[in-house]
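# Architecture and fold: a report
Here are the chains, one letter per residue:
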Amino acid sequence: GGSLTSTNGNPTCTSDDTDIATASGDGNNCKLDALKASQTKSGDVTVSVKYESFPDAKVVFRVWTASSVTLHASDTALGLVCGSLYQSADLFATATLVHGGASVAGVDVTAHTLFAVEYGRGGATIARGYVLTGTKHGPVTVRGGAGAHAGASLFVAVPTRSSA
C-alpha cells in the first residue's frame, strides 16, 4: 500500500470565458460560481485549477441557458379551510434549456427559481421557497425567474370558501 498525503491550501481557479461563467476557490476546492443576470450566454467554459507546484488541471463545464420558463402550482385555488386558515400549494417551474443549437424542454428548474408574490386584492405567502399559502381572499400573481418581478407568472385565486 501507498501513503495518503493531505494538503491544505487555496487553489487558484480561473474561467477561460467570464461572459459564460466564473470560477473561484472556497478554501480547499474550486467551484463554478452561480450565474449572474448578465451571464446569459450558453457555451463550454474551461476552469483551470492551479495548486502549488502541481501541473494545472483543467475541467470543462457545459453551461446551458434557460428559456421558456413556465410556472405551475399543485392547486391554483387556495380555499379557506376554517377561520383564517387557507389551503397551500406547491409551486414548481419548468424551462427549456438551450446550448448552441440543442435544446431540452420540460426541465424542472424549481430549485433554481426565485418565486415572489405580487399582491392584488388577495394575499399569499411563500415558505421554504416554493410553498404558497393563501392569507387573504382575492387573486394574486406569482412571479418566478431572474429577480423577484421578472420572468414567468401564474395566477392563483384565494376564494372565500374551500375549493375542495
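Residues numbered from 1 in each chain as written. Predicted model: local features only at pLDDT ≥ 70, side-chain atom pairs only at ≥ 80, totals over all residues. Heavy atoms only, no water.

### Examining the sheet that holds strand β4 (residues 43-50)
Using the following cut-off: The pairing criterion for strands is at least two bridges between them, as found by DSSP. Numbering of helices and strands runs from the N terminus; a helix is a DSSP stretch of H or I covering at least four residues, while a strand is a stretch of E covering at least two. Each axis is a line fitted through C-alpha atoms, taken for helices only over the stretch in contact, and angles between the N-to-C directions span 0 to 180 degrees.
Ordered in space as β1-β4-β5, the three strands form an open sheet in which the pairing is antiparallel. Both edges of this open sheet fall to β1 (12-15) and β5 (57-63), since each of them pairs with a single strand only. On average, adjacent strands in this sheet sit at an angle of 25 degrees to one another, irrespective of strand direction. Here β4 runs beside β5; their pairing, made up of seven bridges, is antiparallel. In the sheet register, aspartate 44 faces β5, and the bridge partner there is arginine 62.

### Focus: the pattern of salt bridges
Spelled out, the test is: Any carboxyl oxygen of Asp or Glu within 4 Å of a side-chain nitrogen of Lys or Arg constitutes a salt bridge here. Classification of residues uses two cut-offs on accessible area relative to the type maximum, computed with a 1.4 Å probe and protein chains only: under 20% is buried, over 50% is exposed, and between them is partly exposed.
Counted according to the given criterion, the structure contains four salt bridges. The closest approach of N and O atoms between aspartate 17 and lysine 41, which form a salt bridge, is 3.6 Å. Of this pair, aspartate 17 sits in the loop between β1 and β2 (23-25) while lysine 41 sits in the loop between β3 (30-32) and β4; the two residues are 24 residues apart in sequence, bridging distant segments of the chain. Among the salt bridges present, the one from aspartate 44 reaches arginine 62, with a minimum N-O distance of 2.8 Å. You can see aspartate 44 sitting in strand β4 and its partner arginine 62 sitting in strand β5, a full 18 residues away along the chain. Exposure remark for aspartate 44: the relative accessible area of 36% places this residue in the partly exposed category.

### Some thoughts on the packing of aromatic side chains
Selection criterion: Under the pairing criterion, centres of Phe, Tyr and Trp rings, with the six-membered ring standing for Trp, must be within 6.5 Å; the plane angle then separates stacked pairs below 30 degrees from edge-to-face pairs above 60, leaving the rest tilted.
One pass over the structure, following the stated rule, counts one aromatic pair. Ring plane angle 20 degrees and centroid distance 5.9 Å describe the contact between tyrosine 51 and phenylalanine 54, whose orientation is recorded as stacked. The exposure class of phenylalanine 54 is partly exposed, given its relative accessible area of 48%.

### Let's talk about the confidence of the model for the chain
Regions with low pLDDT carry predicted coordinates that are not meant to be interpreted in detail. To be explicit about the condition: pLDDT: the predictor's confidence for each residue, scored from 0 to 100.
Taken residue by residue, the chain gives an average pLDDT of 85. The fraction at 70 or more is 88%. Mean pLDDT across the elements of the chain bottoms out in strand β11 (residues 114-119) (86) and peaks in strand β10 (residues 102-108) (95).

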